Structure formats: C-alpha cells, structure tokens
Amino acid sequence: MQKLDDATDVVALLTARSLNRPWILYETGVAKGKLSAGDRVFGIALGVKLEEAATGPFAQFQNSPDEEDAITGLVLQLIRRHPQADPREEAVRRQVKAFRESLAGML
C-alpha cells in the first residue's frame, strides 16, 4: 500500500493469468482511487489481445498492446514526465525489445 501511495503512475501487466486474478483488480482499483488528476494507471496487454484486456475495470485505463512501438511510446511518455529527463528513443527501444524477448518464454 505504501508503494501505491508513493506512486505517480502505475503500470499493470495484463496477461492471460493476471486478468482474472483479484489482486490485480484490487491494486489497480486502489491506484486509480489514490492517484492525483494528472497521474494515470496504464495497462499493457501481454500475450492477450488488447480488446480482451481492455474490458471491465481495465477499460478505464490507458492501455497499450504488446507491440514494440506502443510500449516504447509508453515508456518514453513516463520518462518525459520528469522535467529534467531527456530519454533517447533508441536506448528505450533497445530495452523494450529485450523486455519483450524475455517475455516470450514466460507467456
């Protein structure tokens, strides 16, 4: 709960296993209720279609599909919320690519 209190943004990883788990509904609901007006809850549909993930309570979040461009854009958006940040898209894209490759075996 303290981490949610301290968060400015929350990113939920929406997978086939997590979509029906009560903890993700609880945590994202708490986050949505606690965050300030400019802060957001984001969902990333990993291994499921965006249409499947963006239903019910998750429909109120800014959701992204499991695509390199979409995830890169989300990460850049989050980094740029810090006034002194100057992210390099190429570096972020490299990290996103590595993240997506590591997920292949888990999903």
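> Help me understand the pattern of salt bridges, please; the structure alone is not making it clear to me.
Where charged atoms from two side chains of opposite charge come close, those side chains can pair. Applying the stated rule across the entire model yields seven salt bridges. The closest approach of N and O atoms between Arg93 and Asp69, which form a salt bridge, is 2.7 Å. A residue pair is termed long-range when its members are at least 10 positions apart, and Arg93 in helix 5 (residues 89–106) and Asp69 in helix 4 (residues 68–79) qualify at 24 residues. Here Glu89 makes a salt bridge to Arg93, at a shortest N to O gap of 2.8 Å. With a gap of four residues between them, Glu89 and Arg93 both fall in helix 5, about one helical turn apart.

> Quick question: what am I supposed to make of the nonpolar core here?
Note that soluble globular proteins tend to have their nonpolar side chains buried in a common cluster. Core analysis: the biggest nonpolar cluster contains 15 residues, and Val10, Leu14, Leu19, Val41, Ala53 and Phe58 have the highest contact counts within it. When residues no more than four places from it in sequence are discounted, the contact partners of Leu19 are Leu14, Val48, Glu52, Ala53 and Phe58.

> How do you make sense of helix 4 when you look at a structure like this?
Because an α-helix completes one turn every 3.6 residues, residues spaced three or four positions apart along the sequence face the same direction. For helix 4, built from twelve residues, the straight-helix expectation of 16 Å at 1.5 Å per residue is met to within 8% by its first-to-last C-alpha distance of 16 Å. Here helix 4 has its buried residues at Glu68, Ile71, Thr72, Leu74 and Leu76.

> Whenever I open this one, the pairing of strand 2 (residues 41–45) confuses me. Can you help?
Consecutive side chains along a regular strand alternate between the two faces of the sheet. Burial analysis of strand 2 places five of its five residues in the buried class, which makes it a mostly covered element. Bridge analysis of strand 1 (residues 10–14) against strand 2 gives five bridges, and the strand direction is parallel. Considered in strand 2, the bridge of Leu14 is made with Ala45. In the sheet, strand 2 pairs with strand 3 (residues 62–64) via three bridges, with the strands oriented parallel. Within the sheet, the bridge partner assigned to Gly43 lies in strand 3 and is Asn63.

> Help me understand the side chain of Asn63 in this model?
Turning to its location among the elements, Asn63 is positioned in strand 3. Residue classification places Asn63 among the buried residues on the basis of a relative accessible area of 18%. Side-chain polar atoms of Asn63 contact the backbone oxygen of Phe58, separated by 2.8 Å. Polar contacts involving the side chain of Asn63 include one to the main-chain carbonyl oxygen of Phe61, which spans 3.3 Å. When neighbours within four sequence positions are excluded, Asn63 is seen to be in contact with Leu14, Gly43, Leu50, Ala54 and Phe58.

The rules behind these values
Residues numbered from 1 in each chain as written. Predicted model: local features only at pLDDT ≥ 70, side-chain atom pairs only at ≥ 80, totals over all residues. Heavy atoms only, no water. Salt bridge = Lys/Arg side-chain N within 4 Å of Asp/Glu carboxyl O. Helix = DSSP H or I, 4+ residues; strand = E, 2+ residues; numbered from the N terminus. Core = buried A, V, L, I, M, F, W, Y, C linked by side-chain atoms within 4.5 Å. Buried < 20%, exposed > 50% of the residue type's maximum accessible area, 1.4 Å probe, protein only. Contact = heavy atoms within 4.5 Å. Expected span 1.5 Å × (residues − 1). Pairing = 2+ DSSP bridges. Polar contact = N/O pair within 3.5 Å; in protein donor to acceptor, adjacent residues only side chain to side chain.

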